[in-house]
Amino acid sequence: MRSYDIATIEGDGIGPEVCRAAVTVLGEACGSGLLRFANLDGGALHYQRSGAVLPEDTFAACQSMHAMLHGAAGLPGVTYPDGTEVGNDLHLQLRFKLDLFANVRPIRLYAGVQSPLSGWQAGQIDYVVVRENTEGLYASRGAGVNLRGELVTDQLVVTRKGTQRVAKFSFELARRRKGAPRDGKRRVTVCDKANILRSYAFFRAVCDEVAAGYPEVEIDYAYADAITVHMLKKPDFYDVIVAENMFGDIISDLGAGTVGGLGIAASAELGERHGLFQGAHGSAPDIAGQNLASPVATVLSGALMLRWLGEQHGDEALHAGAERVERAVEAVLAEGRVVPRDLGGQASCTEMTDAICRRLR
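One structure accompanies this document, and this report is about it. (Residues numbered from 1 in each chain as written. Predicted model: local features only at pLDDT ≥ 70, side-chain atom pairs only at ≥ 80, totals over all residues. Heavy atoms only, no water.)

What about the pattern of salt bridges?
1) Next: Taken as a whole and judged by the stated rule, the model has 25 salt bridges.
2) Next: A salt bridge links Glu150 to Arg148; its shortest N-O distance comes to 3.9 Å.
3) Next: Overall, Glu150 belongs to the exposed group, its relative accessible area being 65%.
4) Next: For Arg148, a relative accessible area of 63% gives the class exposed.
5) Next: Residues Lys185 and Glu218 are paired through a salt bridge, measuring 3.8 Å at the closest nitrogen-oxygen approach. One end of the pair, Lys185, is in the loop between helix H5 (160–176) and strand S8 (187–192); the other, Glu218, is in strand S9 (residues 218–223), with 33 residues separating them in the sequence.
6) Next: Look at Lys185 and you get partly exposed, because its relative accessible area is 42%.
7) Next: Salt bridges sharing partners connect three or more residues here, namely Asp183, Lys185, Arg187 and Glu218. (Salt bridge = Lys/Arg side-chain N within 4 Å of Asp/Glu carboxyl O. Buried < 20%, exposed > 50% of the residue type's maximum accessible area, 1.4 Å probe, protein only. Helix = DSSP H or I, 4+ residues; strand = E, 2+ residues; numbered from the N terminus.)

Set out below in structure tokens:
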């Protein structure tokens, strides 16, 4: 049996708690020997101690290992001289240095979770937001201009290569999925502002070119402002949504809010050779160290990691492990006896972890 080395960066705030919970669940799902976790330094607290948010030895390990599992990063008041947060820079550096171009954010309403959208039931909301992860407005991070405190500019970057590959990723994903809950159609919705800015008109045009190679997948369009309404009124229409970096960041959080919040939102940042997996939530330092955080988002991100590794290496044991984790989480949520605080219950991080592991056993 093969084994896989996982670079594990627990980070800040609740990061260590949820990351350790995910490691426990993944170990239970896969058995001993399949996954080997190496705990590495990084994050805002490490920056305070050493001056490095992503130490060189941590980055070298991330380059060489099979995948990366991250808890969370960031602490209040820990910023660079320009006012930007140090914590965010950890995964941003990994994202750009390792070319993790596709941020995959599943949006799924589970049984046992009540959506704030009235009347929607489990399975009726089930789509994926694919966020282009290395270009867009965020490509200006650290490179914008602040002229004498009077004029500030950041540049929006869209390239043909960057758009082609994230569009192809999205259409390939839609091809493998079962289609939108409303009508069963495999569909990619392009989210942009093509009516206003040339950069987004170009993004849409390149997506159209890619779509021509996928006749079995319908292409759809939505402006970034309008889709925020559609995601609330007709979430069952969506299958895969592809968007520029900043728009994808915003609408994926909105989508998470419709299915229970960021505490249940998994995230994968994928490139050709590397993958980084973490819950979509922040470090929540106000509840750190109190065993109050929900590990669900990080556990589900771990399942995404297993599935991706299985695809990368053709290993059915990893696919089976991912399936087991997702089913165990869904069963615990559906049963409703152990419910995390962010979903209206009282279960601690430890209690949620134990409940998922019991289901796995």
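Digging into the side chain of Ser170
1) Next: Along the chain, the position of Ser170 falls in helix H5.
2) Next: One polar contact links the side chain of Ser170 to the main-chain carbonyl oxygen of Val166, over a distance of 2.9 Å.
3) Next: Each residue touching Ser170, except ones within four places of it in the same chain, is listed here: Val130, Val188, Val240 and Val242. (Polar contact = N/O pair within 3.5 Å; in protein donor to acceptor, adjacent residues only side chain to side chain. Contact = heavy atoms within 4.5 Å.)

Here we look at unusual backbone geometry
1) Next: Look at Arg148: it is not a glycine, yet its phi comes out positive at around 55°.
2) Next: Here Arg148 shows up in the loop between strand S6 (145–147) and strand S7 (151–153).
3) Next: One non-glycine residue with positive phi stands out, namely Ala284, at about 40°.
4) Next: Considering the arrangement of structural elements, one finds Ala284 in the loop between strand S12 (275–277) and helix H9 (296–313).
5) Next: Overall, Ala284 belongs to the partly exposed group, its relative accessible area being 26%.

Description of the packing of aromatic side chains
1) Next: Within this structure, the stated rule accounts for seven aromatic pairs.
2) Next: For the pair Tyr47 and Tyr80, a centre-to-centre distance of 5.5 Å together with 85° between the ring planes defines the contact as edge-to-face. Here the residue Tyr47 occupies a position in helix H2 (residues 44–50), and Tyr80 occupies one in the loop between strand S3 (67–72) and helix H4 (86–97), the gap between them amounting to 33 residues.
3) Next: Ring centres of Phe277 and Trp308 lie 5.8 Å apart, and the angle between their planes is 50°; this geometry places the pair in the tilted category. Of the two residues, Phe277 sits in strand S12 while Trp308 sits in helix H9, which places them 31 residues apart along the sequence.
4) Next: Aromatic ring contacts, followed pair by pair, group Tyr127, Phe237 and Tyr238 into a single cluster.
5) Next: The ring of Phe59 has Lys97 lying over it, and the distance from NZ or CZ to the ring centre is 5.0 Å.
6) Next: The positively charged end of Arg187 is found above the aromatic ring belonging to Phe237, 3.9 Å away from the centroid. (Phe/Tyr/Trp six-rings, centres within 6.5 Å; stacked < 30°, edge-to-face > 60°. Lys NZ or Arg CZ within 6 Å of the ring centre and 35° of its normal.)

Some points on the packing of helix H7 (residues 224–233) against helix H8 (residues 245–258)
1) Next: It is the contact of H7 with H8, at a shortest axis distance of 10 Å, that shows an interaxial angle of 15°. Classified by the angle their axes make, H7 and H8 are roughly parallel. In this structure, the crossing between H7 and H8 has a hand that is right-handed. Counting all contacts with H7, which are made through Ala224, Ile227, Thr228, Met231 and Leu232, the residues of H8 involved are Phe247, Ile251, Leu254, Gly255 and Thr258.
2) Next: Broken down by class, the residue content of the contact of H7 with H8 amounts to seven nonpolar, three polar and no charged. (Axes fitted to C-alpha atoms, helices over the stretch in contact; angles between N-to-C directions. Parallel < 35°, antiparallel > 145°, perpendicular 65-115°, else oblique. Left-handed = near helix turned anticlockwise from the far one by under 90°. Nonpolar A, V, L, I, M, F, W, Y, C, P; charged D, E, K, R; others polar.)

Topic: a nonpolar patch on the surface
1) Next: On the surface, Val145, Leu147 and Leu151 cluster together to form a nonpolar patch covering roughly 240 Å² of accessible area.
2) Next: Following the sequence through the fold, Val145 ends up in strand S6.
3) Next: Its relative accessible area of 42% is what places Val145 among the partly exposed residues. (Patch = residues over 30% accessible without salt bridge, like charges linked within 9 Å, V, L, I, M, F, W, Y side chains within 5 Å. Areas by Shrake-Rupley, 256 points an atom, 1.4 Å probe, with all protein chains shown as cover.)

Remarks on the state of the cysteines
Chemically, a disulfide is nothing more than a covalent bond linking the sulfur atoms of two cysteines.
1) Next: Taken as a whole, this structure holds zero disulfides when the rule is applied.
2) Next: Looking at Cys207, it has no disulfide partner, and the nearest cysteine sulfur is the one in Cys191, 11 Å off.
3) Next: A relative accessible area of 0% places Cys207 in the buried class. (Disulfide = S-S within 2.5 Å.)

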